[in-house]
Amino acid sequence: MRKYIFDTDLGSDCDDCGALAVLCDGVKKGIADLVAVTHCTSEIYGAYGSKSILDWFGVDCPVGQTSRKGFQDKDAEKHYAYPMMQDYLTDHDPVDFPDAVAVLRKALAE
């Protein structure tokens with residue numbers, strides 16, 4: 001089975017939502033192993049969007065958030081992932097996402 005690390009800029013549009021959903025479906029079918037998801041922008045809504053997709057599919061996988069501030073987070077409340085975060089926080093506690101580089105290093109080391 002192939003192992004995958006999914007790096008995304010999920011937030012301003014929905015293409016990465018579809019890609020992550022396809023990958024999660026592969027995990028559920030036993031044909032893929034998702035070892036990490038990282039979010040490469042400083043827009044926190046995208047990390048929550050990734051987490052909500054993983055939870056919906058029942059896939060347990062770490063989600064990392066970039067620590068670089070001010071990268072593609074302008075007008076983030078208008079982005080696709082903003083309502084995903086709002087829905088997620090309705091049913092879950094807030095998440096303190098670890099740094100994406102740390103998540104990548106751990107996934108690669110394992």
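Everything that follows concerns the structure shown earlier in this document.
What you are looking at is a predicted structure, and each value in this text was computed from that prediction instead of being measured.

**Q** Explain the sheet that holds strand β2 (residues 32–39) to me, please; I cannot follow it from the model alone.
**A** Two orientations exist for strands paired in a sheet by backbone hydrogen bonds: parallel and antiparallel. Pairing within the open sheet is parallel, and its 3 strands lie in the order β1-β2-β3. A single partner strand is all that each edge strand has here, and the edge strands are β1 (2–8) and β3 (63–65). For this sheet, the mean angle separating the axes of adjacent strands, direction not counted, is 20°. Pairing geometry for β2 and β3, over 3 bridges, is parallel. Bridged to Val37 within β3 is Val63.

**Q** Sorry, what's going on with the state of the cysteines here?
**A** According to the stated counting rule, one finds 0 disulfides in the structure shown. For Cys24, which is in no disulfide, the shortest distance to another cysteine sulfur is to Cys61 and amounts to 7.7 Å.

**Q** Would you mind going over helix α1 (residues 15–28) with me for this structure?
**A** For an α-helix the count is 3.6 residues per turn, leaving residues at separations of three or four pointing the same way. The end-to-end C-alpha distance of α1, which contains 14 residues, comes to 20 Å, matching closely the 20 Å that a straight helix rising 1.5 Å per residue would cover. Residues Asp16, Cys17, Leu20, Leu23, Cys24 and Gly26 constitute the buried set of α1. Of the residues flanking the end of α1, it is Gly30, one or two places downstream, whose phi is positive at about 80°.

Rules used throughout
Residues numbered from 1 in each chain as written. Predicted model: local features only at pLDDT ≥ 70, side-chain atom pairs only at ≥ 80, totals over all residues. Heavy atoms only, no water. Pairing = 2+ DSSP bridges. Helix = DSSP H or I, 4+ residues; strand = E, 2+ residues; numbered from the N terminus. Axes fitted to C-alpha atoms, helices over the stretch in contact; angles between N-to-C directions. Disulfide = S-S within 2.5 Å. Expected span 1.5 Å × (residues − 1). Buried < 20%, exposed > 50% of the residue type's maximum accessible area, 1.4 Å probe, protein only.

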